[in-house]
Every structure is written in C-alpha cells, then in structure tokens.
Amino acid sequence: MSSAALARNLVITGVTASALVLAGCGPSESGQAATEITALDYYADQQGSKAWQQVLDTCAAETGIKVNRQTVPTDQLLPKILKDASSRTLPDLLFADNPSLQQIASTGALTPLTDYGISTEGYYPGIVKAGTYQDKVYGLAPGVNGLALIYNKDVLQQNGIEPPQTWEQLKAAATALTKDGKYGLAFSALATEEGTWQFLPFFWSNGADLAKLDSPQAVEAMRFVSDLVTAGSASKSVLNWNQNDVADQFVTGNAAMMVNGSWNLARLDETAGLNYGVVPIPTPRPGVAPAVALGGEVGAIPATGAERQQAAAKVLGCILNEPNMVAWDKAHAYVPSKVEVAKKFGQENPAMQPFVTEVETARARTAELGERYSTVSQALGAALQSVLAGQQSPEDALRAAQEQAGRP
C-alpha cells in the first residue's frame, strides 16, 4: 500500500497522525526507518517454504526493506519464540500458528497492529478473534486453512454412494466402502493438537463446548468417532497417523475418504489417475453448519524498537494486500482471510470452495478459553486416544479430561 493510500485509510478509519508515523509513512524519531528486518516462520516443507519466500521477496521489492528469513520446524517455533521473548531477542516479524498467539501475546512481547494503522475491516470475524488478545489485535493472517471430507469420486460412484453430508450418511458410506482390505475412512487421532484439531469439527458441530469437555454433546461426538474405529470402518492406526500419513492412505487407495486439509490438494492433483472430490465435513443433522477449527498462521510484530517495528509493519501490510494475499493462498491452498476476496477465490478455484464455505462458520480455537486452550486441547486429545484404544469409555475419558483441564 502506498503512503498516500495508507494516509487516506487512516483518515477514513479515524487513526491519528501519530499512527501514520508508526506505520512507517512519516519520519521516525531518528528521522530514518529501518531498511532491514528479520522474520521467523515454520514453513519448512519444500512447497510451503518456496511459496512463502516468493511472498517475502515480492514485499521486499515493494517496500524496499530487506527481509532476513529464519525458519524452524513446526514443533520448535513456539518454544523458540517464548525463549526469545524472555531474553528480548525476538525477530521483527513472526508468523506463528494462530492458537499460539494468545500465549505469545500474554508475555507482553507483541505490539497491537492498530498501532500501525493495519485495519481488520473486511476480515472474517473468526480470523480477527484468532489474532486477538485481551481485546487488542496482535496478529492477522493472509490466509487460513481448515479440514474437509475428501473422497475418491470413482470409488464412491462404483458403489452408488453420494458424498455424505450427515453423520448417518458418513457412517453408512464408511461401512459400505470398507472391504477387500481397504477402509472407508481415514483421519488422524494423535494425542496432540493434530488429533484434537481433527476431532473438533465433530465436537463443535454437535453443540459441545471446550469449557465442559464431558457434556452429553461431547460424549456423543466422541462415541460417533470411536464407533467408526470399533466397527472397522477406520483403521486403529489412526492413533498413530498424522495428517501426512492419512494422505498417504488416501492416495494409495487404502482409504476411500479422508478428513484432511486444503494443503493436500496439490499433492492429490499430482497423483496420476486420482479423481477426487471435496465436501464440507458432515454434521450430526441436516441443516447444521460445519464448525471447523481455523488453521493457519498469523503475522505479529514484536517490540524490537520503533524503527524496526515500522519497517516490519510495512512488510506485514504488504503481505496482507489483496494481490499478495491471493498469491500466497493460491500457492499454499489456503483461503483468503477477507470475506469478499475469499468468495471470489472460491469461484475461481472450485476445489477450494468447500473450504471457503466452512470458513464462514469456522471458529478460532482460542476464542472460548484464550491462552488456556493448549491445556484443554491436550486433555481432549488424550481422551480421544484413550477411547479409540479401547482403554476407556467416552464418558470416563471425557470426565478425566475435564478434571485434567482444571475446569469445574
């Protein structure tokens, strides 16, 4: 965004002239803005890393600010951020998994994006909530991902089965498609955030609440998922599969359907002879909207010094510009964070339309519990593992999870 355009936006939204200076469009206290920043992310896979580097290169050229990129594996990012926050050695711009934002912001290491005139206008409300801590927006995402039901069109057609829309239809389809050593459905049920993330659409769409893990609605949702494994419609190996393993089962023909994310579409497109379709995750009853958990990363600006913060804000603003937002989302199979941009994106990319549809009712995982989400998530993931392994009933496992989470 040009200085003139940003100035007009600030006037329209009522942001003061001091915010214009903070955004890097006026003189700083030293009279000079930084021309170089550091940025941190966890896009370590080849496809994601290449796509993200292209976005950073574009914004470096557009803003005149050199971006020195640091990348660490996913499981190392949050520990590194928290360690660097305590020693005040954070990078100038960081992109972290959105459920981590609350915990990072609670350290006091981040600065509100409104300080730089970065507007939340036009974004999906759930995406804004994902970047909010104590009523201040500390992070915004150029795109989000989510889960859907991906199915083998040829296999379903050969068996006269329509893509399921309800739990009853999903159960029937998974049962009918389980034969000849192959399973009807594959999903991940690890005792980690990955497993919780895949279970939440069933949990939430049935009316369950993270504040009460042992509610009747939660028990019913967990029993539905566990019954799929008990009946043999899904392999017991779901206890050990991550989402890449699930995709392996699908592309090799060992599963007719899978619950997985939009980032797998590029891989599916590259698989010879695979004719796949995508629909929103089935819900308990007709007319119930899916409630998937918002995935994806939010950009945040740590307190590293006024000049460097101004420069980081310029780069983040560039990343959030519509052309760059769309370029990243198209390359990485994410849904644009702005409502109108996403609608157009879905029309132009039919395979992404179910994911776009789901974002309308998707939820930020931290919206209910804030920084306590991680504790509750761990308890819920452990309960799911226990039930699928046949160690506990849904009632007992969720009662234990409620106690573990420390909620009354």
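Residues numbered from 1 in each chain as written. Predicted model: local features only at pLDDT ≥ 70, side-chain atom pairs only at ≥ 80, totals over all residues. Heavy atoms only, no water.

Quick notes on the state of the cysteines
Logical step 1: Applying the stated criterion across every chain yields a total of 1 disulfide.
Logical step 2: A sulfur-sulfur distance of 2.3 Å marks the disulfide that ties Cys 59 to Cys 318. Its S-S torsion of approximately -90° makes the covalent link between Cys 59 and Cys 318 left-handed. Note that Cys 59 is positioned in helix H3 (residues 46–63) and Cys 318 in helix H13 (residues 306–319), a separation of 259 residues in sequence.
Logical step 3: Here Cys 59 falls in the buried class, since its relative accessible area comes to 0%.
Logical step 4: With a relative accessible area of 3%, Cys 318 lands in the buried category. (Disulfide = S-S within 2.5 Å. Helix = DSSP H or I, 4+ residues; strand = E, 2+ residues; numbered from the N terminus. Buried < 20%, exposed > 50% of the residue type's maximum accessible area, 1.4 Å probe, protein only.)

Comments concerning the sheet that holds strand S9 (residues 183–186)
One key point about sheets: their strands pair by backbone hydrogen bonds, in either a parallel or an antiparallel sense.
Logical step 1: Across the sheet, which stays open at both edges, the 4 strands sit in the order S9-S10-S8-S11 with mixed pairing between neighbours. Here the strands that pair on one side only, and so sit at the sheet edges, are S9 and strand S11 (276–279). Mean inter-strand twist for the sheet, computed between neighbouring axes without regard to direction, equals 20°.
Logical step 2: Examined bridge by bridge, strand S8 (residues 147–152) and strand S10 (residues 255–261) share 5 bridges and lie antiparallel to one another. Directly across from Ile 150, in S10, lies its bridge partner Met 258.
Logical step 3: In the packing of helix H11 (residues 243–251) onto the sheet, the strands contacted are S8, S9, S10 and S11, and the crossing angle to S10 comes to about 150°. (Pairing = 2+ DSSP bridges. Axes fitted to C-alpha atoms, helices over the stretch in contact; angles between N-to-C directions. Contact = heavy atoms within 4.5 Å.)

Topic: the sheet that holds strand S12 (residues 297–302)
Logical step 1: Strands sit in the order S2-S1-S3-S12-S4 across an open sheet of 5 strands; the sheet is mixed. The sheet is open, and its two edges are formed by strand S2 (66–71) and strand S4 (110–111), each paired on a single side.
Logical step 2: Taken together, the 6 bridges between strand S1 (residues 36–41) and S2 define a ladder with parallel strand orientation. By the bridge assignment for S2, Ala 39 is matched with Arg 69.

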